[in-house]
Amino acid sequence: MPEKTSIKRVVGASMIGTTVEWYDFFLYGSAAALVFNKLFFPDADPLAGTMLAFATYAIGFLARPLGGLVFGHFGDKLGRKKLLVLSLLLMGGATFAMGLLPTYATIGVAAPLLLVFLRLVQGFAVGGEWGGAVLIVSEHGDDRRRGFWASWPQAGVPGGNLLATAVLAVLAGVQSDAAFEAWGWRIPFLLSGLLVGIGLWIRLAVAESPLFVEAVRKRDEHAAPEKAPIITVLRHSWREVLIAMGARFAENVSYYVITAFVLVYLTNHLDLSKSVGLNAVLVGSVVHFLTIPAWGWLSDVIGRRTVYLFGATGMLVWSFVFFTMLDTRSALGTMVAVTVGLVLHGAMYGPQAAFFSELFGTKVRYSGASIGYQLASIVAGGLAPLIATALLSGTGGSLMISVYVAATCVVTIVAVYLAKETRGMSLADAGERSSSSVSA
């Protein structure tokens, strides 16, 4: 029998590593909304500078599918664990380097170019992180409680956002705006080095996925040549890839509108202090972190599709309520708007890890889940803050932003409705079915 780590230890290692990586990734989004427009694009007017900063933010998403392809290929060939360690090192190194970057005032146009390069490295690394983190948990866990266990790495995403927002909020609270823009913003990026060390120490102690080890054993016994996992996925599982992409749209777009664009809307459009937005995201992220596993558990009870559809439908309605509450300029109203939005987002994000894992066989699971997840991120989350900012600039209001989010909810509702219910599916059986269809 392959070595198997206890499920709680696997969950802990995956969630902590994911929290660290997403701390790095979200830190950039918050900094893009608050200071990067002034430090790296100083000649633009405030809203245009923010759009340029968000454009570099979106560039990171362009690299995510490439990371998903590369990490998925080697994760299906070499194992989940090795690639998870590499993704953490790449992400942490890029984020630490951002904290050392000279600004436009020091080296001119080279500053934003270096920023773009490091953002590409971040995107490449996080493109491989998600698939490995959720799959190593899914493949260690049992069929009956997979939704619950696999939702914990998902909770690492708001955990990372919570950590990044908390650090920025503390710095913004104890420093003047001038000090924060001069050097204070660098501290959270440099802290990444310490966090990555902790994440690596925990992640290295976890055993490889037993399902993957067994799949390799069978492959070696038959010694039959196999096609690259990406080719197998696109030939035999293209429908599942499209379902995963469609399911991602509302989840991905709504999240970045609620957590990243909200800072622009509050500070540039409503002239509120940045602390109002940061505190709202901070509180919302705590609730989000706690409710994601609850949604994952519920998907084990009533099904992945039911929970997912509830989240997408709720988000469609809330996309209009959200900005109405922000426009009150109330700190409490803003906090409620962000928190409820993130709870509804969690209804999609909680079941997602198990749902996507159950769509693909073991030999191509890393590739299939990563491709579906990351391809959607280019036109969904990657462009969401940029599109929302452009709509705000072009219309002067929030109505079209709400329509934009609602339209993505319709895409997700259709995709999930067309999917088969996967609750309780055996991942080993899914692997066997995949192998049979490939050999046929």
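Residues numbered from 1 in each chain as written. Predicted model: local features only at pLDDT ≥ 70, side-chain atom pairs only at ≥ 80, totals over all residues. Heavy atoms only, no water.

With that out of the way, let us pick up the nonpolar core. Of all hydrophobic cores here, the largest spans 112 residues; its most connected members are Phe 36, Phe 40, Phe 261, Phe 322, Leu 326 and Phe 356. In terms of residue count, helix α12 (residues 238-269) provides more of this core than any other element does, 18 residues in total. When sequence neighbours within four positions are dropped, the list of residues in contact with Phe 322 reads Ile 258, Val 262, Ala 337 and Val 338. If you look at the next biggest cluster of nonpolar residues, it comprises 10 residues, including Val 11, Ala 13, Val 137 and Trp 149. (Core = buried A, V, L, I, M, F, W, Y, C linked by side-chain atoms within 4.5 Å. Buried < 20%, exposed > 50% of the residue type's maximum accessible area, 1.4 Å probe, protein only. Helix = DSSP H or I, 4+ residues; strand = E, 2+ residues; numbered from the N terminus. Contact = heavy atoms within 4.5 Å.)

Okay, empty space enclosed by the protein next. Going through the model one piece at a time under the given rule, you end up with 4 cavities of 30 Å³ or more. By volume, the largest cavity is sized at about 60 Å³. Listed by contribution, the elements that provide at least two residues to the lining of the largest cavity are α1 (7-40), α12 and α15 (331-357). Top element by residues in the lining of the largest cavity is α12. It accounts for 5 residues. Considered class by class, the residues forming the lining of the largest cavity number 7 nonpolar, 2 polar and 3 charged. (1 Å grid on protein atoms, 1.4 Å probe; cavity = no way out; pocket = protein on both sides within 12 Å on 5 of 7 lines; lining within 4 Å. Points joined across faces, edges and corners; volume = space filled by probe spheres on them. Nonpolar A, V, L, I, M, F, W, Y, C, P; charged D, E, K, R; others polar.)

Before going further, it helps to spend a moment on the environment of Val 174. The topology assignment puts Val 174 in helix α6 (residues 146-174). Judged by its relative accessible area of 65%, Val 174 is exposed. It is 9.9 Å that separates the C-alpha atoms of Val 174 and Gly 184, two residues lying 10 residues apart in sequence.

Looking now at the packing of helix α13 (residues 274-302) against α15. Geometry of a packed helix pair, given as the angle between the helix axes and the separation of the axes. Between α13 and α15, the shortest axis-to-axis distance is 7 Å and the interhelical angle comes to 30 degrees. Viewed along their axes, α13 and α15 adopt a mutual orientation that is roughly parallel. Between α13 and α15 the crossing geometry is right-handed. Its residues assigned to classes, the contact of α13 with α15 comprises 15 nonpolar, 12 polar and no charged. (Axes fitted to C-alpha atoms, helices over the stretch in contact; angles between N-to-C directions. Parallel < 35°, antiparallel > 145°, perpendicular 65-115°, else oblique. Left-handed = near helix turned anticlockwise from the far one by under 90°.)

With 31 residues, helix α5 (residues 110-140) should reach 45 Å at 1.5 Å per residue; the first-to-last C-alpha distance of 46 Å fits that figure. Taken across its 31 residues, α5 has 24 buried, putting it largely inside the fold. (Expected span 1.5 Å × (residues − 1).)

With that settled, the discussion passes to the packing of aromatic side chains. Taken as a whole and assessed by the stated rule, the structure comprises 13 aromatic pairs. Put simply, the rings of Phe 148, Trp 149, Trp 152 and Phe 289 touch in pairs and so form one group of aromatic residues. (Phe/Tyr/Trp six-rings, centres within 6.5 Å; stacked < 30°, edge-to-face > 60°.)

For the pair α6 and α15, the least separation of the axes is 7 Å and the interaxial angle reads 120 degrees. Between α6 and α15, the angle is such that the two are oblique. In this structure, α6 crosses over α15, and the sense of that crossing is right-handed. Here Arg 146, Gly 147, Ala 150, Ser 151, Gln 154 and Val 157 of α6 lie close against α15, whose contacting residues are Tyr 349, Gly 350, Gln 352, Ala 353 and Ala 354. Across the contact of α6 with α15, the residue classes break down as 5 nonpolar, 5 polar and 1 charged.

Here the focus is unusual backbone geometry. The phi torsion at Asp 271 lies on the positive side, around 55 degrees, for a residue other than glycine. Along the polypeptide, Asp 271 turns up in the loop between α12 and α13. Given the relative accessible area of 64%, Asp 271 is considered exposed.

The next thing to look at is the environment of Thr 56. Relative to the elements of secondary structure, Thr 56 occurs in helix α2 (residues 46-78). Spatially, the C-alpha atoms of Thr 56 and Phe 117 are 9.3 Å apart, while their sequence positions differ by 61 residues. Those residues in contact with Thr 56 that lie beyond four places of it in its chain are Tyr 28, Phe 41, Leu 115, Val 116 and Arg 119.

Quick look at the pattern of salt bridges now. Applying the stated rule across the entire model yields 4 salt bridges. Glu 251 serves as the salt-bridge partner of Arg 248, at 2.7 Å between the closest nitrogen and oxygen. Here Arg 248 pairs with Glu 251, and both are found in helix α12, just 3 residues apart, close to one helical turn. Overall, the relative accessible area of 0% leaves Arg 248 in the buried class. (Salt bridge = Lys/Arg side-chain N within 4 Å of Asp/Glu carboxyl O.)

To continue, consider helix α17 (residues 384-395). With 12 residues, α17 should cover 16 Å at 1.5 Å per step; its first-to-last C-alpha distance of 16 Å lies within 8% of that length. Taken together, the buried positions of α17 are occupied by Ala 384, Pro 385, Ala 388, Thr 389 and Leu 392. End-on view of α17: buried residues confined to an arc of 130 degrees, all on one side of the axis. (Arc of directions from axis to C-beta.)

Now for the environment of Gly 17. Mapping Gly 17 onto the fold places it in helix α1. When the C-alpha positions of Gly 17 and Glu 129 are compared, they lie 8.9 Å apart, and in sequence the two are 112 residues distant. Not counting the four nearest positions on each side in its chain, Gly 17 is found in contact with Leu 88, Glu 129 and Arg 203.

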